[in-house]
Amino acid sequence: VYIPNAMLGTVLIENPGRMTHRRILEKIGIRYDDFDKLTTITEDVQQYLQAHADIDQTQLTVVRFVGYSAYALDIEVSAYTRRTGWLDFLQVHQAVLLEIGR
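Residues numbered from 1 in each chain as written. Predicted model: local features only at pLDDT ≥ 70, side-chain atom pairs only at ≥ 80, totals over all residues. Heavy atoms only, no water.

**A few points about the side chain of Thr81**
1) Next: Assignment of secondary structure puts Thr81 in strand β3 (residues 73-81).
2) Next: One polar contact links the side chain of Thr81 to the main-chain carbonyl oxygen of Arg83, over a distance of 3.0 Å.
3) Next: Residues within four places of Thr81 in sequence aside, it is in contact with Thr20, His21, Arg22, Ile24, Asp54, Ile55, Phe89 and Val92. (Helix = DSSP H or I, 4+ residues; strand = E, 2+ residues; numbered from the N terminus. Polar contact = N/O pair within 3.5 Å; in protein donor to acceptor, adjacent residues only side chain to side chain. Contact = heavy atoms within 4.5 Å.)

**Focus: the confidence of the model for the protein chain**
1) Next: On average, the protein chain scores 92 in pLDDT, and the residues at 70 or more come to 96%.
2) Next: Least confident of the elements in the protein chain is helix α1 (residues 5-8), whose mean pLDDT is 76; most confident is β3, at 98. (pLDDT = per-residue confidence, 0-100.)

**Focus: the sheet that holds strand β1 (residues 22-30)**
Strands pair in a sheet through their backbones, by hydrogen bonds, and they do so in one of two ways: parallel or antiparallel.
1) Next: Within the open sheet, the three strands sit side by side as β1-β3-β2. Their pairing is antiparallel. Here the strands that pair on one side only, and so sit at the sheet edges, are β1 and β2 (62-68). Across the sheet, the mean angle separating the axes of adjacent strands is 20 degrees when strand polarity is ignored.
2) Next: In this sheet, β3 lies alongside β1 in antiparallel orientation, the contact comprising nine bridges. Within the sheet, the bridge partner assigned to Ile24 lies in β3 and is Ala79.
3) Next: Packed on one face of the sheet, helix α2 (residues 38-51) meets β1, β2 and β3 and runs near 150 degrees to β2.
4) Next: Across the sheet, helix α3 (residues 86-101) lies against β1 and β3, angled at about 25 degrees from β1, the strand it touches most. (Pairing = 2+ DSSP bridges. Axes fitted to C-alpha atoms, helices over the stretch in contact; angles between N-to-C directions.)

Next up, the structure:
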């Protein structure tokens with residue numbers, strides 16, 4: 001890749017080959033009828049992520065109720081995987097989403 005010298009000081013250069021983590025960032029909707037279960041759900045998801053072997057515990061993991069949408073209570077889930085390969089990351093991401101759904 002050719003990058004003119006004049007641009008090097010003004011652009012952010014990302015090197016995916018040096019990536020150490022990939023981020024899972026999801027917003028999950030819970031029914032308004034399940035408002036009384038919201039705290040339990042967020043705590044259970046947080047505990048699951050803290051015990052997951054492919055989630056990097058040195059990085060910030062956040063599971064929080066973030067708002068009311070038109071049809072659901074929104075929970076944001078943010079965690080960093082140790083898997084950086086795209087297919088490996090997708091496998092972990094899917095496993096996390098399936099477990100959250102359960």
